[in-house]
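Spelled out from the first residue to the last, the chains are:
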Amino acid sequence: MAVKTAINYRLPQVEQLLQHPFLQPYVLALSRPVVTEIIRSQLTLIRQSERFKVQGAEGIDVLAAVVKVCEVQQSKRQMRVLNATGIAVHTNLGRSPIVTEIWDSVREVNTGYSNLELELATGKRGGRNGLLPTLVNAWLGAEDCVIVNNNAASIYLILHALAAGKEVIVSRGEQIQIGGGFRIPDILALSGCKLVEVGTTNITTSDDYINAITDNTAMVLMVHQSNFSIQGFTESPDIQDVAKRLPEHVQLVVDQGSGLSSEQYASSETSLSRYLQMGADLVCFSGDKILGGPQAGIIAGRQGLTKILAKNPMMRTFRPGRIVLSLLEELLIRKLNQTPSGEGIAQHTLLRCQHTRALAERLVAKWAPYAEMVPMEMQVGGGSIPSETYDCYGLALLLPGKAQQHLDALRAMPTPIIAYLHADRLMLNLATLLDDDLHHFESQIEHYLQRFQK
Ligand SMILES: *Cc1c(COP(=O)(O)O)cnc(C)c1O
């Protein structure tokens, strides 16, 4: 006669699980209260499950369930990833990485008190820009600058402070959406300006701008066509001509976007200083695209206008903190001195392109038959230089099974590798790997390939 055993409904206790050695790394990575909450909610889920009601705790691995949720939570933390996408300024990957030397050199000023708003020469309260206007002037030849948290804020502040209640003329070819939910017409409406559209998608002339001017016009706004380029039958106005013909009460503002300061590698683009030379009253751009700095919006140009921007009450909501300002300062000094650390990620990646062939050859020699050398293209990305690509080399990984599965596996590595699929093949662009990342990249892929080797 079989002995009917009582069902065991005893699950481990919260405190007992929290002490488990397997969970200690998660306590460090996520904090004790967060891990405690995960344990509680997993225990609740288990208690409510049909299986538990029928069979009890027998065979239920609470620890495994908790670890699984902890893993998912941990993957949400900010962490370093390896960029094998071939896009140097990648919006999903934090845009521009900050050069280690620059990061290290602002450590001292940011971990103590600083003279952020104190004029040391007089002992009086000062502005927070410090040396930045002088540096931006030396760099671009602009009279003055205003720094805000990002370039979207630049545009809003410029429109709101200089053109609220007035007309702003924008070409139909430049009524663009930049990234998620930032549309030029919307931002114009929000800032209290009236949009006056001129020209067509492919053609806008100087006359189009000049003929649209009324007594109530405050500004001509030109916007860089960030994430697309129109090719073929197109005509853009001669900016110098527009600037010359604008009446005194109308400002010419160029949202240049990328921060490109030399046409050397992008002959189809116009640099910031060129726009200013051609007569733009203000230019604005991001700090974390081609410039290679922290997230910021930089507005440079005529002092009469920057003073108005700086005094606007909205400035208070847009001003960056000292971490950003000190990083920008350090970066611009290095840029002006033409040290490699001041070059920014785009330039760095461009130089890297030349070395990718040798690198690809070396890796293929090591990883054959699972890797194949493939000619690829590097893009600057982040809406910086949409019309140009740069030749480089990369690898296709040829592994048994589905490419998507391997793509996901690379993303789940301790230092995630962000690759991409092309024609159902797993691609690794070598141009966007940083020098510091190469070692990690190689050892992780090598480890991954071991499972396929006999
Ligand atoms: C990127 C970009 C913006 C937005 O800048 P953020 O720094 O992302 O706020 C605005 N205008 C142009 C032309 C851009 O390229």
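Residue indices follow the written sequence of each chain, beginning from 1 at its first position. pLDDT decides what is reported in this predicted model: residues at 70 or higher carry local features, side-chain atom pairs at 80 or more are listed and counted, and totals for whole chains, interfaces and linings draw on all residues regardless. Think of the side-chain values as coming from all heavy atoms in the structure, minus any hydrogens and water.

Student: Is there a simple way to explain the overall build of the chain in this structure?
Tutor: What the chain contains, in helices and strands, is 20 helices and 13 strands. The principal-axis extent of the C-alpha atoms belonging to the chain is close to 105 × 55 × 45 Å. Expressed as a percentage of its 454 residues, the buried residues of the chain come to 47%. The contact criterion used is simple: two residues touch if any of their non-hydrogen atoms lie within 4.5 Å. Sequence separation of 24 or more characterises 75% of the internal contacts of the chain that already satisfy a separation of 6 or more. Secondary structure elements follow DSSP: runs of H or I no shorter than four residues count as helices, runs of E no shorter than two count as strands, and numbering proceeds from the N terminus. Partly exposed describes any residue whose relative accessible area lies between the buried limit of under 20% and the exposed limit of over 50%, with all areas from a 1.4 Å probe on protein chains only and scaled to the type maximum.

Student: Explain the sheet that holds strand E4 (residues 194–198) here, please?
Tutor: Across a sheet, paired strands are connected by hydrogen bonds in the backbone, their directions being either parallel or antiparallel. Strand pairing is defined by DSSP finding a minimum of two bridges between the two strands. One open sheet accounts for 7 strands, arranged E2-E8-E7-E6-E5-E3-E4; its pairing is mixed. With one partner strand each, in any of the chains shown, strand E2 (144–148) and E4 form the two edges of the open sheet. For this sheet, the mean inter-axis angle between neighbouring strands, taken without regard to orientation, is 25°. Pairing of strand E6 (residues 251–257) with strand E7 (residues 282–286) involves 4 bridges; the strand directions are parallel. Within the sheet, the bridge partner assigned to aspartate 255 lies in E7 and is cysteine 284. Lying on the sheet, helix H14 (residues 303–311) is in contact with E2, E6, E7 and strand E8 (297–301); it crosses E2 at an angle near 30°. For helices, the fitted axis covers only the stretch in contact; all axes are lines through C-alpha atoms, and the angles between them, taken along N-to-C directions, range from 0 to 180 degrees.

Student: Honestly, the packing of helix H8 (residues 132–140) against helix H16 (residues 322–336) in this entry has me stumped. Any pointers?
Tutor: In a packed pair of helices, the relevant descriptors are the angle between the two axes and the axis-to-axis distance. Between H8 and H16, the shortest axis-to-axis distance is 10 Å and the interhelical angle comes to 30°. As for the relative orientation of H8 and H16, their crossing is left-handed in sense. The residues of H16 that touch H8, namely those facing Leu132, Leu135, Val136, Ala138 and Trp139, are Leu325, Leu328, Glu329, Leu332, Ile333, Lys335 and Leu336. Only Asp, Glu, Lys and Arg are considered charged, only Ala, Val, Leu, Ile, Met, Phe, Trp, Tyr, Cys and Pro nonpolar, and every remaining residue, Gly among them, polar. Looking at the contact of H8 with H16 residue by residue, the classes come out as 10 nonpolar, no polar and 2 charged. By convention, the crossing between two helices is left-handed when the near helix turns anticlockwise from the far helix through less than a right angle, and right-handed when the turn is clockwise.

Student: I would appreciate a short explanation of the side chain of glutamate 174 in the present structure.
Tutor: With respect to the helices and strands, glutamate 174 occurs in the loop between strand E3 (167–171) and helix H10 (184–190). When charges are tallied, Lys and Arg are placed among the positive residues and Asp and Glu among the negative ones, while His and the ends of the chain are skipped. Salt bridges are defined as contacts in which a side-chain nitrogen from Lys or Arg sits within 4 Å of a carboxyl oxygen from Asp or Glu. For glutamate 174, which is buried and forms no salt bridge, the nearest opposite charge comes from arginine 172, at a distance of 12 Å.

Student: Even after reading the chapter, I still don't get H8, so can you show me in this structure?
Tutor: Within an α-helix, residues lying three or four positions from one another point in the same direction, as the helix has 3.6 residues per turn. Where H8 is concerned, the buried positions are Leu132, Pro133, Leu135, Val136, Trp139 and Leu140. Across the axial projection of H8, the buried residues extend over an arc of 160°, all falling on one side. Those residues of H8 that are buried lie in contact with E2, helix H13 (272–277), E7, E8 and H16. Among the residues trailing H8, glycine 141 stands out with phi positive, at a value near 75°. By arc we mean the arc of the directions from the helix axis to the C-beta atoms, nothing more.

Student: It is not clear to me how the pairing of strand E5 (residues 217–223) should be interpreted in this structure. Could you clarify?
Tutor: Two faces make up the sheet, and in a regular strand the side chains alternate between them. Among the 7 residues that make up E5, 7 are buried, leaving the element largely enclosed by the rest of the structure. Across 4 bridges, the pairing between E3 and E5 is parallel. For valine 170, the partnering residue across the bridge sits in E5 and is leucine 221. Here E5 runs beside E6; their pairing, made up of 5 bridges, is parallel. Paired with leucine 221 across the two strands is valine 253, which belongs to E6.

Student: Looking at this structure, how should I read the packing of aromatic side chains?
Tutor: The geometry of an aromatic ring pair is captured by two quantities: the separation of the ring centres and the angle between the planes. Aromatic pairs are defined between Phe, Tyr and Trp rings, using the six-membered ring for Trp, whenever the two ring centres lie within 6.5 Å; interplanar angles under 30 degrees are classed as stacked, those over 60 as edge-to-face, and all others as tilted. This structure, assessed with the given rule, holds 6 aromatic pairs. Between tryptophan 139 and phenylalanine 285 the ring centres are 5.7 Å apart and the planes differ by 75°, which places this aromatic pair in the edge-to-face class. Here phenylalanine 285 lies in strand E7 and tryptophan 139 lies in helix H8, a separation of 146 residues in the sequence. Comparing tryptophan 139 with phenylalanine 285 shows no difference in burial state: the two are buried. When the centroid spacing of 6.3 Å and the interplanar angle of 55° are considered together, the rings of tryptophan 367 and phenylalanine 441 count as tilted. Taken together, the residues tryptophan 367 in helix H18 (residues 356–367) and phenylalanine 441 in helix H20 (residues 438–449) connect sequence positions 74 residues apart. Classification of tryptophan 367 as buried rests on a relative accessible area of 2%.

Student: Teacher, can you tell me more about the sheet that holds strand E10 (residues 390–397) here?
Tutor: An order of E9-E10-E13-E12 is seen for the 4 strands of this open sheet, with the pairing classed as antiparallel. Looking along the sheet, the strands with just one partner apiece sit at the ends: strand E9 (371–378) and strand E12 (420–422). Pairs of neighbouring strands in the sheet enclose a mean axial angle of 45°, with direction left out of account. With 4 bridges connecting them, E10 and strand E13 (residues 425–429) associate as antiparallel partners. Among the inter-strand pairings, leucine 395 is bridged to a residue of E13, identified as leucine 428. The sheet strands contacting H18 are E9 and E10, and the helix crosses E10 at an angle near 10°.

Student: Can you walk me through the domain arrangement of the chain in this structure?
Tutor: Often the size quoted for an interface is simply the accessible area lost on bringing the parts together. Domain extents, as shown, originate in an automatic or database domain assignment. Assigned domains within the chain: domain 1 (14–74), domain 2 (82–92 + 347–452) and domain 3 (99–342). The distance between the C-alpha centroids of domain 1 and domain 2 comes to 36 Å.

Student: Just checking my understanding: could you explain the UniProt feature "modified residue: N6-(pyridoxal phosphate)lysine" (unreviewed entry) in the chain for this structure?
Tutor: UniProt positions are given in the numbering used here, feature names are shortened, and annotations may be inferred rather than shown by experiment. Those residues carrying the UniProt feature "modified residue: N6-(pyridoxal phosphate)lysine" (unreviewed entry) are Lys289 in this numbering. By secondary structure assignment, the location of lysine 289 is in the loop between E7 and E8. On the accessibility criterion, lysine 289 (5% relative accessible area) is buried. Dropping the residues within four chain positions of it, lysine 289 is found in contact with Val89, Arg95, Ser96, Gly257, Ser258, Ile345, Gly382 and Ser384.

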